[in-house]
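Listed below are the residues making up each chain.
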Amino acid sequence: MRIGVIGTGRIGTIHAHTLSRHRDVGSLILTDVDPARAQALAHRLGETAAPGVDEIYTWGVDAVVITAATSAHAELIGRAARAGLPVFCEKPIALDLAGTLQAITEVETAGTVLQMGFQRRFDAGYTGAREAVRSGRLGRLHTVRALTSDAEPPPAGALAQSGGLYRDTLIHDFDMLRWVTGREVVDVYASGSDAGPAVFREAGDVDTGAALLTLDDGTLATVTATRLHGAGYDVRMELAGERDQIAVGLDDRTPIASTEQTGPPAADKPWTGFLERFGPAYEAELIAFVEVVRGERANPCDGREALQALLIAEACEKSRRERRPVRPSELLSGSEATLA
């Protein structure tokens, strides 16, 4: 199997390493907007670098992995679909609903595969939580609390192109909320604060956000995020039911200290970022993609799953700006609702 990797930044490099050592992947073709970066990575891995995206297709590949800039995702997904190739793409499909729906339509029209990179679906903690909820261990679920806290903000240039806190960061929590509980979000009320560094206000973004979400069975969920968590990278989910309560992400590297005398001490080596915390999950999702391409398993996260997470993020952003509850379903017109 020969796979084209478009984008050789941080995530692209990780994915290229995973694929290069996979026994079922014979070779890679790497390309990037910075040809020297792609060439350097190809040299380290013993793979081939291409001068541009066109060569990915003219030289011939069996599948495509997209880790390029977010603004290019939808177009690259469409091109792979028109070439009849299965594609893996880091989230999101696009930063708007129109681009997302267009890319999904192209994939479905072509009858190809689009697997989206929501790596938390491959994390052992979240998988365990899903199993606990689905098995009935917690009883009736009544409350979910989820959070994502970055130790430091992204560079100003990346922040301006990220789509904002809800679309870029909390979209993972929204995906996990649906995936773990098996329920849909019907209503959101969100707020945000830009009281931190001026770079957030300049980007029209917030550095800290919170949302109250109502699920279709009445379960209540709170979701919070910040880009300014100096204690370290913190990602958790707590699920409380009538019988039991469980937590994801609570271990000896969780950057939180208890004020109780018998509570756990502060972590000696807190998580530094998402690449470290979810390293095994990033590897597992690419291994899954190879299995999807080989026809050995079903797609674990298709474009429509990504669309639902984006709808929740869009509803939160609209709620924050308009200071009112928003139903994700109200964001789609009649024709769009049919597509979704």
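Above this text you will find the structure in question.
A brief look at the structure comes next. If you're wondering where the values come from, they're calculated on a predicted model, not measured in any experiment. (Residues numbered from 1 in each chain as written. Predicted model: local features only at pLDDT ≥ 70, side-chain atom pairs only at ≥ 80, totals over all residues. Heavy atoms only, no water.)

1. Some points on helix α13 (residues 303-322)
Because an α-helix packs 3.6 residues into every turn, residues spaced three or four apart end up facing the same way.
Thought 1: Here α13 contains 20 residues, and its C-alpha end-to-end distance of 28 Å stays within 8% of the 28 Å for a straight helix at 1.5 Å per residue.
Thought 2: For α13, a buried count of 15 out of 20 residues is recorded, marking the element as mostly surrounded by other parts of the structure.
Thought 3: Sitting at the amino-terminal end of α13 is D302, which places a side-chain oxygen 3.1 Å from the backbone nitrogen of R304.
Thought 4: A positive backbone phi angle near 55 degrees is found at R323, which sits one or two residues after α13. (Helix = DSSP H or I, 4+ residues; strand = E, 2+ residues; numbered from the N terminus. Expected span 1.5 Å × (residues − 1). Buried < 20%, exposed > 50% of the residue type's maximum accessible area, 1.4 Å probe, protein only. Polar contact = N/O pair within 3.5 Å; in protein donor to acceptor, adjacent residues only side chain to side chain.)

2. A look at the pairing of strand β7 (residues 141-149)
Thought 1: Examined bridge by bridge, β7 and strand β11 (residues 234-241) share eight bridges and lie antiparallel to one another. Within β11, the residue paired with A146 across the bridge is M237. (Pairing = 2+ DSSP bridges.)

3. Notes on the packing of helix α6 (residues 124-135) against helix α9 (residues 171-181)
Thought 1: In the contact formed by α6 and α9, the axes pass within 8 Å of each other and the chain directions differ by 40 degrees. By the angle between their directions, the pair α6 and α9 is classed as oblique. Note on element contacts: α9 touches α6 through M176, R178, W179, V180 and T181, opposite Y126, T127, A129, R130, V133 and R134. (Axes fitted to C-alpha atoms, helices over the stretch in contact; angles between N-to-C directions. Parallel < 35°, antiparallel > 145°, perpendicular 65-115°, else oblique. Contact = heavy atoms within 4.5 Å.)

4. Quick word on α9
Thought 1: With eleven of its eleven residues buried, α9 lies for the most part within the structure.
Thought 2: Looking at α9, one finds that the buried residues are I171, H172, D173, F174, D175, M176, L177, R178, W179, V180 and T181.
Thought 3: Count one or two residues on from α9 and you reach G182, which has phi positive near 75 degrees.

5. Digging into the sheet that holds strand β4 (residues 63-66)
Thought 1: Spatially, the six strands line up as an open sheet ordered β3-β2-β1-β4-β5-β6, and their pairing is parallel. Each of the sheet's edge strands pairs with one partner strand only, and the pair in question is β3 (48-49) and β6 (114-117).
Thought 2: Bridge count between strand β5 (residues 87-90) and β6: four bridges; the pairing is parallel. Within β6, the residue paired with E90 across the bridge is G117.
Thought 3: Across the sheet, helix α2 (residues 35-45) is in contact with β2 (27-31) and β3; its angle to β2 comes to roughly 160 degrees.

6. Some remarks on the packing of aromatic side chains
Thought 1: All chains considered together, the criterion is met by two aromatic pairs.
Thought 2: Sitting above the plane of the W271 ring, R253 keeps its charged end 4.0 Å from the centroid.
Thought 3: For R277, the ring lying beneath its charged end belongs to W271, and the centroid distance is 6.0 Å. (Phe/Tyr/Trp six-rings, centres within 6.5 Å; stacked < 30°, edge-to-face > 60°. Lys NZ or Arg CZ within 6 Å of the ring centre and 35° of its normal.)

7. A closer look at the sheet that holds strand β9 (residues 208-215)
Thought 1: Taken in spatial order, the six strands of this open sheet run β8-β9-β10-β7-β11-β12, and their pairing is mixed. Two strands close off the open sheet at either side, each with one partner strand: β8 (185-193) and β12 (245-248). Direction aside, the axes of adjacent strands within the sheet are offset by 10 degrees on average.
Thought 2: Note: β7 against strand β10 (residues 220-226), seven bridges, orientation parallel. Across the sheet, R145 pairs through a bridge with T222, a residue of β10.
Thought 3: Where α9 meets the sheet, it contacts β7, β8, β9, β10 and β11, and its direction lies at approximately 150 degrees from that of β7.
Thought 4: Along the sheet face, α13 touches β8 and β9 and points at about 50 degrees away from the line of β8.

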